[in-house]
Amino acid sequence: MAMNPTAPHLLVVDNKLHAHIKPSQSQGMATRVPVKSILKIQPKPTAPTTTPEALQAEKDRHNYALALQHAHRIQDQKDWDLRILHAIEVLLDYPSSTPVTVQEASNFVSLVRLFQPSDLDALVEERVIDRKCGYALCANKPRCVTMGREAEWRVGKGEAGFCSKVCARKSMDVRAQLSVVPAWEREAGYHPVVSLHGDDRAVIAGPGLNAMTVDQQPMAKKSNHADDDDLALERGEKATSFRPRQVMTDRIVEKAVPTYKPLSSVSGAVVSSTAIEGYEPKEHKAKRDMTADDAESDDDDDDEDEGDGAGVLDEVDEG
Amino acid sequence: MAGDSNEASRLWRILRTTKQMCYDRGYELTEEECNISLADFKAAYVDESGTVHRQRLAFYARPTPEMQKKYTPLPRPGNPDPAPDIGTIHVDFSSQPSVGIKDLKAFAQLLNEKNYHTGIFVAQAAPTSSALKIIPSILPTVMEIFKEEDLLVNISRHELVPKHTLLSPEDKKRLLERYRLKETQLPRIRMDDPMARYLGLKRGQVVKIIRKSETAGRYASYRWVI
């Protein structure tokens, strides 16, 4: 507590100015609140990290955390790899019975969502080595077994691993729906919803099966023509927008087109000789006086050669 | 018939190379086993129809005490008497032209049942990439894959390939101390190098390479396996 020489009644305590309250001054006045300094309080520095050991320890901690982060990422990738390998092993043995069971079909869809297209190719390859059709839900033998060694050049490399064109087509359908992004890099839980080919959908939506997942269309809605509601949704119409039925209907009514005939063909019509397609050009009084002195002006010869009918062009040049 | 004898002599060479490889690694195999002649091979493995069944070529071998010493890690305070990290090896020849997950899984199961430590799978064609993913999942059992055509000729017997010897952990420690080196400062050899695969090397091991030198007759170099 230092006495401030200039203002002895003020005390400087801890960088703050306090009014030194003299007991004599406090008569009749309420006790004053100490005046706060307008200076900002500097934060005290934390444990000093200037020693080289502390700095090194800091760096080591940071590096350790970074290395751990990368290690976790790599381990996650390995776990996903193993998971996909396990899925391939399971699907290698499908189907266990000739008419595909609903359980197996839905299992197939749920396992295949995790795949990349290359993983599906690996599955087809493994199944072919095991002498089964490449499509997981088919129990037939592939072409390379039924046809022998000529299969590849007779049906092509893409179809040699399947029992028929249908199976090859179905497998291509599934492959096209898979995401190229590997499973460990996808956003949390964002795996594409895979729907099977039309023929197999009937397997999944079997009789009396109430629990159906989103990717399976109920049989009632299946039709060859697009739904009106679906089309409206695609167009972006909301319930508040105009009702399509009033504007767009199935019936088409031809609009009565009014036919136009030239005026001259109508009987009793008076057609002026100076009219251009029915338009009567007007000549201004002021312009008419100027046309007399126009001999030296550098108008186009064409304009001067034209007769009265080209009065408009004369006016344009002089303007 | 000519095709069969071709096949038979191919398999004879492959079997010889495989046995020599196991002998060079340090497993217990006799000299005449490793250098079996074509006539003996045909007598033993070719049946009446002239074909060789690859399943009959499979064999197993135990490690010698010297080899066990090379694979025993150094004693540490928590582990004063460590066990050697080596055991019986089983060599199998695949009869399928293409190798998939199922074949390698069956081989892995066989190794597991009989408690073999290492397995060598000799395939006619390279296995599928998804099948190769099984290998890291069955550790500590080690499974190595070789292609038949890679084993037709024993590369370590080639005149341009110097002699590679595996160092025991003590020798490695002594080497690093003598030259005051860190592991990373040694020259390196990759795990998928043909000679590294021949000797079945793992990460962290050091091989001593003795090659002929014009000036000094012989020169020893060392390589760290990564």
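Our structure's up above, just so we're on the same page.
An account of the accompanying structure is given in this report.

Rules of the game
Residues numbered from 1 in each chain as written. Chains lettered and ligands numbered in written order. Predicted model: local features only at pLDDT ≥ 70, side-chain atom pairs only at ≥ 80, totals over all residues. Heavy atoms only, no water. Helix = DSSP H or I, 4+ residues; strand = E, 2+ residues; numbered from the N terminus. Buried < 20%, exposed > 50% of the residue type's maximum accessible area, 1.4 Å probe, protein only. Contact = heavy atoms within 4.5 Å. Axes fitted to C-alpha atoms, helices over the stretch in contact; angles between N-to-C directions. Parallel < 35°, antiparallel > 145°, perpendicular 65-115°, else oblique. Pairing = 2+ DSSP bridges. Salt bridge = Lys/Arg side-chain N within 4 Å of Asp/Glu carboxyl O. Phe/Tyr/Trp six-rings, centres within 6.5 Å; stacked < 30°, edge-to-face > 60°. 1 Å grid on protein atoms, 1.4 Å probe; cavity = no way out; pocket = protein on both sides within 12 Å on 5 of 7 lines; lining within 4 Å. Points joined across faces, edges and corners; volume = space filled by probe spheres on them.

Here we come to the overall build of chain A. Scanning chain A for helices and strands turns up 13 helices and three strands. By residue count, 23% of the 319 residues in chain A fall in the buried class. Counting only contacts in chain A whose residues sit at least 6 apart along the sequence, the fraction spanning at least 24 positions is 53%.

Contact geometry of helix α1 (residues 52-92) of chain A with helix α5 (residues 101-113) of chain B gives a least axis separation of 11 Å together with a crossing angle of 105°. One finds that α1(A) runs roughly perpendicular with respect to α5(B). Residues A:Leu85, A:Ile88, A:Glu89 and A:Leu92 of α1(A) lie in contact with α5(B), whose contacting residues are B:Ile101, B:Lys102 and B:Lys105.

Attention now moves to the pairing of strand β5 (residues 163-166) of chain B. Residues and elements named next belong to chain B. Alternating positions in β5 separate cleanly, His164 and Leu166 being buried on one face and Lys163 and Thr165 remaining unburied on the opposite face. Looking at chain direction, β5 and strand β7 (residues 206-213) are connected through four bridges and run antiparallel. Bridging across to β7, His164 finds its partner in Ile209.

Attention now goes to the pattern of salt bridges. The final tally for this structure, using the stated rule, is 22 salt bridges over all chains. Here B:Asp85 makes a salt bridge to B:Lys202, at a shortest N to O gap of 3.5 Å. With B:Asp85 in the loop between α4 (65-71) and β2 (89-93) and B:Lys202 in the loop between α8 (194-199) and β7, this residue pair connects regions lying 117 residues apart in the sequence. As a salt-bridge pair, B:Asp192 and B:Arg190 come within 3.1 Å of each other at their nearest N and O atoms. You can call B:Arg190 exposed: its relative accessible area is 55%. Through salt bridges with shared partners, a single ionic network connects A:Asp93, A:Asp130, A:Lys132 and B:Lys102.

Strand pairs in the sheet, formed through backbone hydrogen bonds, run parallel or antiparallel to each other. Residue and element names in this part refer to chain B. The mixed open sheet is built from four strands, whose spatial order is β1-β2-β3-β4. Looking at strand neighbours, the two that pair on one side only are β1 (59-61) and β4 (142-147), the edges of this open sheet. Taking the axes of each pair of neighbouring strands and ignoring which way they run, one obtains an average angle of 20° across the sheet. Pairing analysis gives six bridges linking strand β3 (residues 118-123) to β4, with the strands arranged parallel. Considered in β4, the bridge of Thr118 is made with Val142.

Here we come to the packing of aromatic side chains. Residue and element names in this part refer to chain B. Throughout the structure, instances matching the rule amount to four aromatic pairs over all chains. Ring centres of Phe107 and Phe121 lie 5.2 Å apart, and the angle between their planes is 55°; on these two criteria the pair is classed as tilted. One end of the pair, Phe107, is in helix α5; the other, Phe121, is in strand β3, and 14 residues separate them in sequence. Residue class for Phe107 comes out buried when judged on its relative accessible area of 2%.

Turning next to empty space enclosed by the protein. All names here are of chain A. Counted by the stated rule, this structure contains one cavity of 30 Å³ or more. A volume near 40 Å³ is recorded for the largest cavity. Listed by contribution, the elements that provide at least two residues to the lining of the largest cavity are α3 (117-129) and α7 (165-177). In terms of residues, the lining of the largest cavity owes the most to one element, α3, which gives three residues.

Quick look at the pairing of strand β8 (residues 217-225) of chain B now. Regular strands place their side chains on alternate faces of the sheet. All names here are of chain B. As defined by bridge partners, strand β6 (residues 188-189) adjoins β8 across two bridges and the pair is classed as parallel. Across the sheet, residue Ile189 finds its bridge partner in β8, namely Val225. Here β7 pairs with β8 via eight bridges, running antiparallel. Its bridge partner being in β8, Arg211 is matched across the sheet by Tyr219. Hairpin connection from β7 to β8: three residues lie between these consecutive antiparallel strands.

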